[in-house]
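Observations on the model geometry
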Amino acid sequence: MTEQTRSGGIDPNSVRKVVNVQAPQEVAWRVFTDAMGTWWPLEVFKIGQAVAVDAVIEPRVGGRWYERGNDGSTCDWGSVLLWEPHSRLVLSWDITADWQYDASLKTELEVGFIADGANATRVELEHRRLDRYGARRDEMRTIFDSTGDWGRLLESFARTAAA
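Computed from a predicted model, the values in this text were never measured in an experiment.

1. Looking at unusual backbone geometry
- Of note, the amide linkage connecting P85 to H86 takes the cis form, showing an omega dihedral of -5°.
- Structurally, H86 can be placed in the loop between β4 (74-84) and β5 (88-93).
- With a phi angle near 65°, R129 is a residue other than glycine that sits in the positive phi range.
- With respect to the helices and strands, the residue R129 is situated in the loop between β7 (121-128) and α2 (137-147).

Set out below in C-alpha cells:
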C-alpha cells in the first residue's frame, strides 16, 4: 500500500503502512493475531489503569480486541470486523483522540497478509475512517503516521515474527 489514493493525492482520512516479514504467511498471521502481546509495546501503548500484560484479539467476527492488565482487568480497544485466516483481518479501533475507549467511534484497521514466496510475507496495514475524529482528524493522522506510528509497530511485529 502507499499513501497515494487512486487519484494520486494523499487521503487525509487514512494512514497506510507496509512491512516485509521474513516469515511464512501463516506464521506472520499467527504472531499478529495470537501473540500481539509479544510485540506490542504495552508499557507505552495502553489505555487501562493497570499495568498491561497482554494484547488480545479474539479469533472471530464480533470478537473483542483488548488489553489485559496484571490485575486481570481488561480494557477494550475495538472489535473484529473481518476474520480471514491467514490473509486478511479488519478490526475496529475505538480509541478516541483522548485515548479512551468509545464503542461508537469505529475507525477501521485493515491488515492484509500476502505471501511473498515460501518464507516471506508482505503485510499491508491501513487505518481508515479517520474523519470520525472530527476536528482532531489531522492530529490523530499525524500520530498514526509518524508520532505513535503504525510503521514502528509493524517493524516490531516483523522482528518478532522473523525470530
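The structure having been displayed, the exposition proceeds.
2. Focus: the sheet that holds β7
- Taken in spatial order, the seven strands of this open sheet run β1-β7-β6-β5-β4-β3-β2, and their pairing is antiparallel. Edge positions in the open sheet fall to β1 (14-21) and β2 (52-57), since each of these has one partner strand only. The sheet shows a mean angle of 20° between the axes of neighbouring strands, direction not considered.
- Here five bridges tie β2 to strand β3 (residues 64-69), and the two strands are oriented antiparallel to one another. Residue pairing for β3: A52 is matched across the bridge by G69.
- Packed onto the sheet, helix α1 (residues 25-34) meets β1, β2, β4, β5, β6 (107-115) and β7 and runs at close to 155° relative to β6.
- Along the sheet face, helix α3 (residues 150-162) touches β1, β3, β5, β6 and β7 and points at about 20° away from the line of β1.

3. Observations concerning the pairing of β3
- Between the antiparallel neighbours β2 and β3 lie six residues, among them G62 with a positive phi of about 90°.
- Where β3 lies against β4, five bridges are found, and the strand directions are antiparallel. Bridged to Y66 within β4 is D76.
- The turn joining β3 and β4, which pair antiparallel and follow one another in sequence, is formed by four residues; a positive phi near 90° is taken by G72.

Rules behind the numbers
Residue positions within a chain follow its written sequence, with the count starting from 1. In view of the model being predicted, local features appear only for residues whose pLDDT reaches at least 70, and side-chain atom pairs are presented and counted only at 80 or more, with totals across whole chains, interfaces and linings using the full set of residues. The basis for the side-chain values is all heavy atoms of the structure; hydrogens and waters are excluded. Helix and strand assignments come from DSSP, with helices taken as H or I runs of at least 4 residues and strands as E runs of at least 2, each series counted from the N terminus. Note: two strands are recorded as paired if DSSP finds a minimum of 2 bridges between them. For every element, the axis is a line fit to its C-alpha atoms; helices are fit only across the contacting stretch, and the angle between N-to-C directions ranges from 0 to 180 degrees. When checking whether two residues touch, look at their non-hydrogen atoms; a contact exists if any pair is within 4.5 Å.

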